[in-house]
Amino acid sequence: MTATVPADRISKAAAPDFTRDLDLTTGELRELLELAAMVKRNSSRYSQALAGRSIALLFEKPSLRTRLTFELAIRQLGGFSVGAEARIDAREPLRDVARNLERWVNAIVVRTFGQAVIEELALWSSVPVINALSDSFHPCQALADMMTLQEKLGDLRGRTLAFAGDGNNMAHSLMLSSARLGMNFALATPAGFGPDPAVVEQAGSLADASGARLSITTNLEEALAGADAVYTDVWASMGQEEEADARQKVFAPYQIDARAVSVAKPGALFMHCLPAKRGLEVTDAVIESSSSVVFDQAENRLHAQKALLLMML
Ligand code: CP
Ligand code: NVA
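Criteria and thresholds
Residues numbered from 1 in each chain as written. Chains lettered and ligands numbered in written order. Predicted model: local features only at pLDDT ≥ 70, side-chain atom pairs only at ≥ 80, totals over all residues. Heavy atoms only, no water. Helix = DSSP H or I, 4+ residues; strand = E, 2+ residues; numbered from the N terminus. Buried < 20%, exposed > 50% of the residue type's maximum accessible area, 1.4 Å probe, protein only. Contact = heavy atoms within 4.5 Å. Pairing = 2+ DSSP bridges. Axes fitted to C-alpha atoms, helices over the stretch in contact; angles between N-to-C directions. Near = heavy atom within 4 Å. Polar contact = N/O pair within 3.5 Å; in protein donor to acceptor, adjacent residues only side chain to side chain. Areas by Shrake-Rupley, 256 points an atom, 1.4 Å probe, with all protein chains shown as cover. Nonpolar A, V, L, I, M, F, W, Y, C, P; charged D, E, K, R; others polar.

A. Representation of the environment of alanine 132 within the structure. When you line up the elements, alanine 132 lands in the loop between β4 (129–131) and α5 (139–153). Note on alanine 132: relative accessible area 0%, which makes it buried. On a C-alpha basis, the gap between alanine 132 and aspartate 208 in space is 28 Å, while along the polypeptide they are 76 residues apart. Look past the residues within four positions of alanine 132 in its chain and what remains in contact with it is Phe59, Thr66, Val109, Val110, Arg111 and His138.

B. Quick peek at the sheet that holds β4. A sheet is described by the order of its strands in space; here four strands give the open sequence β2-β1-β3-β4, paired in parallel fashion. In this open sheet, the two edge strands, each paired with only one partner strand, are β2 (80–84) and β4. The sheet shows a mean angle of 20° between the axes of neighbouring strands, direction not considered. Two elements, strand β1 (residues 54–59) and β2, share five bridges in a ladder whose sense is parallel. Note on β2: the bridge partner recorded for leucine 57 is glycine 83. Packing against the sheet, helix α4 (residues 115–124) makes contact with β3 (107–111) and β4, and its axis sits at approximately 165° to β4.

C. Fine view of the site of ligand 2. The full set of residues close to ligand 2 is Leu133, His138, Asn168, Asn169, Asp233, Val234, Ser237, Met238, Cys273 and Leu274. One nitrogen or oxygen atom from the side chain of asparagine 169 is found 2.8 Å from an oxygen atom belonging to ligand 2. At a separation of 2.8 Å, an oxygen atom of ligand 2 approaches a polar backbone atom of methionine 238. Contact with the protein chains hides 95% of the accessible area of ligand 2, taken as 270 Å² for the molecule alone. Of the residues belonging to the shell around ligand 2, the class tally is five nonpolar, four polar and one charged.

Below you can see the structure in the form of structure tokens.
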């Protein structure tokens, strides 16, 4: 896990942060997934692991899963959380927010818009900062998704995860995590909605190292062909509400319906981070089908985040 210290703040202790997927090394990611499986099997063993620890939850965007699973994870590990929903930097600079929080809590969990907000908090805080979703990444969701994929498919090397829709935060985090674990990643997005080229380059290097394939196309069927799992996410993410109507027109050919799924491997898993817009990115029939593992993903948020907290604290 990485830690940085601002040049003009020499007294800051180096704390590990999870501001983006790549803050975990491949070894740490594998270790975390093993720990998460162990925690899931025997949760009570860890019931005092965070005794006396407190964690701040700062959420600038709505949340059901992330917020509640962090609260539950902290409570079930013996710690406690305090929360705030206001704009983090509305009243004072982020560097001051960070240096207040570090005096009270042992870690900071943040959901915000710009990735730079999370990185600035991490830079200035001596306690770990965890990304609970930014416009660029959703690394905690990717942890739960890799855990779910391992549960369903076993070793992920040589398997293929196809992602259809927006080249968004979810696409970025899944691309990086798949590449790390040797899983092929096939992305289909409409032209002009592809992922950040810098993230693609990082994922490409990781894929080269792990032997995974990374492919990006505008053709849905090409991406889904032979996939072991098909993943989609909303077409308009939080903060893009005003673009929703325009995006619906562009993204309509990328809907995951029974016909799209039929191109993937027989019995391919259907995945979604949720919340889903049924009838848009996925049909009701597909998300309710026996191949859908969306609620396993949601459950695993709890276990994966417990493992993350145990490793970071
Ligand atoms: N998947 C996910 O992060 O859900 P929430 O937005 O409800 O936290
Ligand atoms: N891409 C979505 C994910 C929600 C969990 C968003 O950012 O709104």
